[in-house]
Each structure stands twice: as C-alpha cells, then as structure tokens.
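Letter by letter, the chains look like this.
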Amino acid sequence: MGPDQGNGNGAPPPNWGVAFDLGLRLGISVILGVGGGLLLDSWLHTSPIFTLVGMVLGIGAAMYTIWDVAKQSMGR
Amino acid sequence: MVHVEIKAEELFAIGPLIVTNSMVGVLLASIVLLLAAWWFTRRSGIVPSRGQSLLELPIEFLAGVVRGTGGKRWRQFAPFVFAIFLYVLIANWLSLLPGVGTIGLAEEVDGEKIIVPFVRAGAADLNFTLGLALISFVAFVAFGLRANGLRGYLKELLIAEPAYMTPLLTPIHLISELSRVISLSMRLFGNVFAGEVLLATMLALTTATVFILPLAFVVPGIFLGLELLFGLVQALVFALLSMTYITLAIAEHRQHGSSDDHSGEAPEQGAAPAHGSA
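Can you tell me about the overall build of chain A, naming the residues and giving the values?
Along the backbone of chain A there are two helices and zero strands. Put simply, chain A has 76 residues, and 33% of those count as buried. Excluding contacts between residues fewer than 6 apart, the proportion of contacts in chain A whose partners are at least 24 apart in sequence is 45%.

In structure tokens form, the structure reads like this:
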C-alpha cells in the first residue's frame, strides 16, 4: 500500500487514533463531571446536589463522545 | 530496590526557574530535532540519496495518512502534525539510550540510597505532555476559529440544537472538549511512565541474584525493543488525534453549510472527505 492511496480502493486509511482515544475519554468525562460537582459542593456546601448533577453531566458527556466518534466514523 | 519517582526530580535552579531531569530530556530532543533539520536542509537534494530516502520514508507515510484523513485543507495543518509526531517520537526514543535514567547523582532519601538521573524521558513528566496537549488544544481551537469565525465557533460550542436543550447540552459539550486535552496528556504520560517503571523493574528483577544475572542481558533488551515500538505508536497516536481534532473543528464548519470560507484555500483535487463531513 502506497503512502497516499489509503487502502487501495479510494477510501482513506483508517484512523486508529480515534479508537485509542475513545476509552480514555469516556472515563475522563465522568471523572471531570463528578470532580467538578464535588468541588462545587465543597465550595457552596450543597452536597450532594452538584455531585449528582456533575455525575449526570459526566455520563452525558461520555455518551456524547461515543455519538461524536460514531458520527465521524460514519461520515468517512 | 526499584525507585522511579513519578515527579520529575530537580537538578538545579536558575533564579526562579527549576530545571528538572525531564526538562533536560526535552531540551535534548529539541536540540536533536534542530540539528537534524539543519543537516537535512543543507544536504537534501531534489533527487534523494539513499540516506535521504530513508529519512523521508516516515514523513511520506505520515503525509499519506494526513492527506487521506485530513480533508481538503490537510496542507494547512500537516506541518503541525509532523512537528508533534517528530517531537514526541524523538523525546520517547531518546529516553531509551544508555545512560538516560540510569546515570545521575546518588542521594539518600529516607535512609535509602537512590540515583537522581541527570536525564529522564521528557514524556514521563506530566508537565510536558500537558503542555503538548494544550498546544494541540490551542491549535484545533485556532483552526476552528479560522474556519468558522468567532461567532460561528462560539455558536457551535455554546448553543445546542434545538435551542431549549442548550442548558443541558452546553456543559456536556464543554466537558467533552476538556476531556480531549486530559486524554491526550494522560495517555502519553501514562504509557511512557509505565514503560520507565517496567524497564526499571525488569532490570531490578534480573539483577537480583547472581544465578539469573545472564538474563539481565536478554530480558531488559526485549522490553527495550517493545518500548521502541510503543514510543513510535504513542507519537503516532498523539499526532493523529491532534489531526483528528483539527479536522473536526474545520469539518463542523462545512456540516453547518456556511458559505464564507475564512481560510481562503482552494479545494484540492482528489482530496478525501474529512471526518464527519458527510
């Protein structure tokens, strides 16, 4: 396979980086949401409201990431 | 006793600037790259020699990947992707040279003698990988701004469709954007640091007793070979992900069908479609 011919039938070569990225980003999204919520709760003394909100947002962000990556892949 | 410090160790300070052994590793990588660039620009010819062809091979391969997946405007960000790739690759491979991580000053910490190496793998310090990830982040924001304009970019980032979902979707979008930076930096740091720990452990295990000493010439060598491969893969992953994010930032512009092209580059004939541009 030449360097610029993709897989030889005109399609671009697969971008494996996206696959490496997905798993880690799912975990990080949830950690960011929960971490942000914990910080807000300790600052505003509202525990556990923002922790729960952060968790929901983090899980939502993880799902959004899957959707985003799937959208890119289908767009190829 | 295996001792690998997660934090880069301080060597000396120049005023308020603390110089760590990881910084020395990164500086060495920069010097190698600058010297290679100087040598290459002086010696390279239109008809490449055998050595030049060998050096151009990885660049041609990466150019093929960037051209194939980077969309019409791949030429705009290809130098950035190459630079990231070569920088991470050289920094990773330099850390496998003899003396790196093993020659240093003997210090006593908590009654134990440890070696504080003069040079350490640059990417085994989170500061370096986070810095690179932030550079990538700035790059894909800049390319997004260039393609969408400030208004279009902020609209894309902050306003969801349908509009009443904005309070829910905007924080989700922001978390997802932020996770890119953390994911880029943590992956590279984690892999390189784990490699350091693995090599140190293998060396310590095989030199533990005199009966298995011959293994010390074989086993770490196998893992050094694997680290050579992992260094290449991690450099490639970092560069390709940076490219993917930039491509996405540009592709979003086309998805929303805006007709004003801020970059002003003419479409290239035969270029492959970008991610998410359908």
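Still more to cover.
Can you explain the pairing of strand β4 (residues 112-117) of chain B? Please cite residues and give values.
Residues and elements named next belong to chain B. In this structure, strand β3 (residues 104-109) lies alongside β4, joined through six bridges in antiparallel fashion. If you follow Glu107 over to β4, its bridge partner there is Ile114. The antiparallel pairing of β3 with β4 creates a hairpin that spans two residues between the two strands, and Asp110 there sits at a positive phi of about 50°.

Before we move on, can you summarise unusual backbone geometry with the specific residues and values?
Residues and elements named next belong to chain A. With an omega of 5°, the peptide bond running from Ser47 to Pro48 counts as cis. The residue Pro48 is located in the loop between α1 (16-44) and α2 (49-75) in this model. The phi angle at His45 is positive, at roughly 55°, despite the residue not being glycine. Relative to the assigned elements, His45 resides in the loop between α1 and α2.

Which residues make up the packing of helix α4 (residues 126-158) of chain B against helix α5 (residues 166-206) of chain B, and what are the values?
All names here are of chain B. Across the interface, α4 lies against α5 with an axial gap of 8 Å and an inter-helix angle of 150°. Considering the angle they form, α4 stands roughly antiparallel to α5. The chirality of how α4 crosses α5 is right-handed. The residues of α5 that touch α4, namely those facing Leu126, Thr129, Leu130, Ala133, Leu134, Ser136, Phe137, Leu157 and Leu158, are Thr170, His173, Arg180, Val181, Leu184, Ser185, Leu188 and Phe189. A breakdown of the residues in the contact of α4 with α5 according to their chemical character gives 11 nonpolar, five polar and one charged.

Any chance you could break down the nonpolar core for me, citing the residues and the numbers?
Counting residues in hydrophobic clusters, the biggest one holds 45 residues, and the most contacted among them are Ile84, Phe85, Val88, Ala123, Phe238 and Ala239 of chain B. Taken together, the elements giving at least two residues each to this core come down to α1 (21-43), α2 (50-69), α3 (74-94), α4, α5 and α6 (219-255) of chain B. The biggest single contributor to this core is α6 of chain B, with 14 residues. The residues contacting Ala123 of chain B, other than those within four sequence positions of it, are Val88, Ala91, Asn92, Phe128, Thr129, Leu188, Phe189 and Val192 of chain B. Leu32 and Ala62 of chain A together with Leu169 and Ile175 of chain B belong to the second-largest nonpolar core, a separate cluster that totals 10 residues.

About the criteria used
- Residues numbered from 1 in each chain as written.
- Chains lettered and ligands numbered in written order.
- Predicted model: local features only at pLDDT ≥ 70, side-chain atom pairs only at ≥ 80, totals over all residues.
- Helix = DSSP H or I, 4+ residues; strand = E, 2+ residues; numbered from the N terminus.
- Buried ≥ 20, exposed ≤ 12 C-beta atoms within 10 Å, placed from the backbone.
- Contact = placed C-beta atoms within 7 Å.
- Pairing = 2+ DSSP bridges.
- Axes fitted to C-alpha atoms, helices over the stretch in contact; angles between N-to-C directions.
- Parallel < 35°, antiparallel > 145°, perpendicular 65-115°, else oblique.
- Left-handed = near helix turned anticlockwise from the far one by under 90°.
- Nonpolar A, V, L, I, M, F, W, Y, C, P; charged D, E, K, R; others polar.
- Core = buried A, V, L, I, M, F, W, Y, C linked by C-beta atoms within 7 Å.

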